[in-house]
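Spelled out, the chains give:
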Amino acid sequence: MQTSAALQRIQPSATLAMTSRVFELKRAGVDVIGLGAGEPDFDTPDFVKEAAIQAIRDGKTKYTNVDGTPELKAAVIEKFKRDNGLDYTPAQVTINVGGKHTLFNAIVATVEAGDEVIIPAPYWVSYPDVVQFAGGTPVFIAAGADQAYKITPAQLEAAITPRTKWVILNSPSNPTGAAYSAAELKALGEVIERHPHVWVFADDMYEHILYDGFEFATIAQVCPSLYERTLTVNGCSKAYAMTGWRIGFAGGPAPLIKAIAKLQSQSTSNPCSIAQAAAVAALSGDQSFLKDRAAAFQTRRDLVVSMLNDIDGMTCPTPEGAFYVYPEFSALIGKTTPKGKVIATDEDMIGYFLDDARVAAVHGAAFGLSPAMRISYATSEALLREACTRIQTACADLR
Ligand SMILES: Cc1ncc(COP(=O)(O)O)c(C=O)c1O
């Protein structure tokens, strides 16, 4: 069977590949610490689980409206109003099978050959592949540690062409944890305002995981003139520790929402009815636990940043949010491991950490900025301390 040209344009997700590798090693009894997966170690809150159980008992087990139940759309509308000051009607809201599905739907419904999509790098692994699957061209803007992993208005202006269809903004970011302030977003928005053909995909998936009192902002809120060409994307996976439930959602202009529903009607149909009922509870219930969880993540962030910065040759900026750090290590490239292997790339380094230190991270090349790695610190402090100690030892052993 010859696979399609569209399929041949994409690669399997590097982060999911590392997660499977860790599963296999653990099954084989290897003492490996997995810092590759992008999911909270916290459990889904009990009140959310109870809502799902109740939904099953109530017979909410049938097809729903293709792009979401009226109840979940109402909860999403209330969420956008409460958290972001954004007003949407049900016709401006879509519910999808995870935030990744929202991305897939929006891009596949709108992008075709010749269209460009601006993606700040380092980026979440799925952005370029989904754009390429649709036949579009990703246009990267490099934003390294020297600019706190954030693009500047001048860089954005230089990247926009008549073929630009979307700009993807992800704050706080996977993989760096960097977050844009309202003022920084406004400055980027002022550039986009000057180019009326450009739309914004605002990926706010990590909205509730922010540190040191950093105030969340999203572009449709700080630049009201962009409201008519912004898709504001969010979901339950990260904030509510519901990665397995698969609920993502977005608010945006009704014609785009309708286009997404059309594609969804011929692919997945509705997201799981029970997960939708659970998401209503998550979005409408007591939100106070979100702050407690963010505080727990902050303690872990501080531990990891400090231990990684203790390594000669590694620079680990302090992120404002999400649960990732993105240390760079150009000073370690070219060194040799105790087994005599030269570390030529960040992928070599990740291989060395996995084989010799039994720590799994994901290499920076997968996110478009090398030499670096992404570490997810969504695990216990004890494991993080052990993992960072192993990385410290492995780096000290390099010659
Ligand atoms: C930046 C970003 N956006 C969206 C998603 C999608 O999450 P999900 O499909 O689990 O809802 C992820 C998950 O890793 C992410 O990191």
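This is a predicted model, so every value here is computed, not measured.

(A) Quick peek at the environment of R301. Turning to its location among the elements, R301 is positioned in helix α12 (residues 289-309). The spacing of R301 and Y324 is 23 residues in sequence and 7.9 Å in space, taken between C-alpha atoms. Sequence-distant contacts of R301, that is, excluding residues within four places in its chain, are made with Y211, D212, T318, P319 and Y377. A polar side-chain atom of R301 sits 3.1 Å from a polar atom in the side chain of D212.

(B) Examining α12 more closely. Here α12 is 21 residues long and its end C-alpha atoms lie 30 Å apart, about the 30 Å a rise of 1.5 Å per residue gives. Looking only at α12, the buried set comprises F289, L290, R293, A294, F297, R300, R301, L303, V304, V305, M307 and L308. Against the buried residues of α12 lie α3 (46-57), β9 (324-325), β12 (373-376) and α14 (381-396).

(C) Structural view of helix α11 (residues 273-284). Taking 1.5 Å per residue as the helical rise, α11 with its 12 residues ought to reach 16 Å, and the 17 Å between its terminal C-alpha atoms agrees with that figure. Burial analysis of α11 places 9 of its 12 residues in the buried class, which makes it a mostly covered element. Turning to α11, the residues buried within the fold contact α3, α4 (70-84), β2 (93-96) and β8 (248-251).

(D) Summary view of the site of the ligand. In the region of the ligand, 13 residues are neighbours, and G99, N174, D203, Y206 and R246 sit closest. One of the backbone nitrogen or oxygen atoms of K100 is found 2.9 Å away from an oxygen atom of the ligand. Here a nitrogen atom of the ligand sits 2.6 Å away from a polar atom, N or O, in the side chain of D203. Within the complex, 93% of the 390 Å² of free accessible area of the ligand lies under protein. Across the shell around the ligand, the residue classes tally to 4 nonpolar, 5 polar and 4 charged.

(E) The pairing of strand β5 (residues 164-170), seen in detail. Burial analysis of β5 places 6 of its 7 residues in the buried class, the great majority of the element. Looking at chain direction, strand β3 (residues 116-121) and β5 are connected through 3 bridges and run parallel. Its bridge partner lying in β5, E116 is registered against T164. Note: β5 against strand β6 (residues 199-203), 5 bridges, orientation parallel. If you follow N170 over to β6, its bridge partner there is D203. Regarding the hand of the β-α-β motif, the stretch spanning β5, helix α8 (residues 182-193) and β6 is right-handed.

(F) Focus on the domain arrangement of the protein. The domain boundaries assigned to the protein delineate domain 1 (5-43 + 289-396) and domain 2 (62-284). Between the C-alpha centres of domain 1 and domain 2 there is a distance of 26 Å. Every contact between the two is made by 36 residues of domain 1 and, on the other side, 36 residues of domain 2. Buried surface at the junction of domain 1 and domain 2, both sides included, amounts to about 2,900 Å², of which 60% is carbon and sulfur. Counting the surface domain 1 buries against domain 2, the share from its top three residues, L290, E320 and F367, is 22%. Seen at the junction of domain 1 and domain 2, the total is 2 salt bridges.

What counts and how
- Residues numbered from 1 in each chain as written.
- Predicted model: local features only at pLDDT ≥ 70, side-chain atom pairs only at ≥ 80, totals over all residues.
- Heavy atoms only, no water.
- Helix = DSSP H or I, 4+ residues; strand = E, 2+ residues; numbered from the N terminus.
- Contact = heavy atoms within 4.5 Å.
- Polar contact = N/O pair within 3.5 Å; in protein donor to acceptor, adjacent residues only side chain to side chain.
- Expected span 1.5 Å × (residues − 1).
- Buried < 20%, exposed > 50% of the residue type's maximum accessible area, 1.4 Å probe, protein only.
- Near = heavy atom within 4 Å.
- Areas by Shrake-Rupley, 256 points an atom, 1.4 Å probe, with all protein chains shown as cover.
- Nonpolar A, V, L, I, M, F, W, Y, C, P; charged D, E, K, R; others polar.
- Pairing = 2+ DSSP bridges.
- Right-handed = clockwise from strand over helix to strand, strands pointing away.
- Domains from an automatic or database assignment.
- Buried area = accessible area lost by both parts, 1.4 Å probe.
- Salt bridge = Lys/Arg side-chain N within 4 Å of Asp/Glu carboxyl O.

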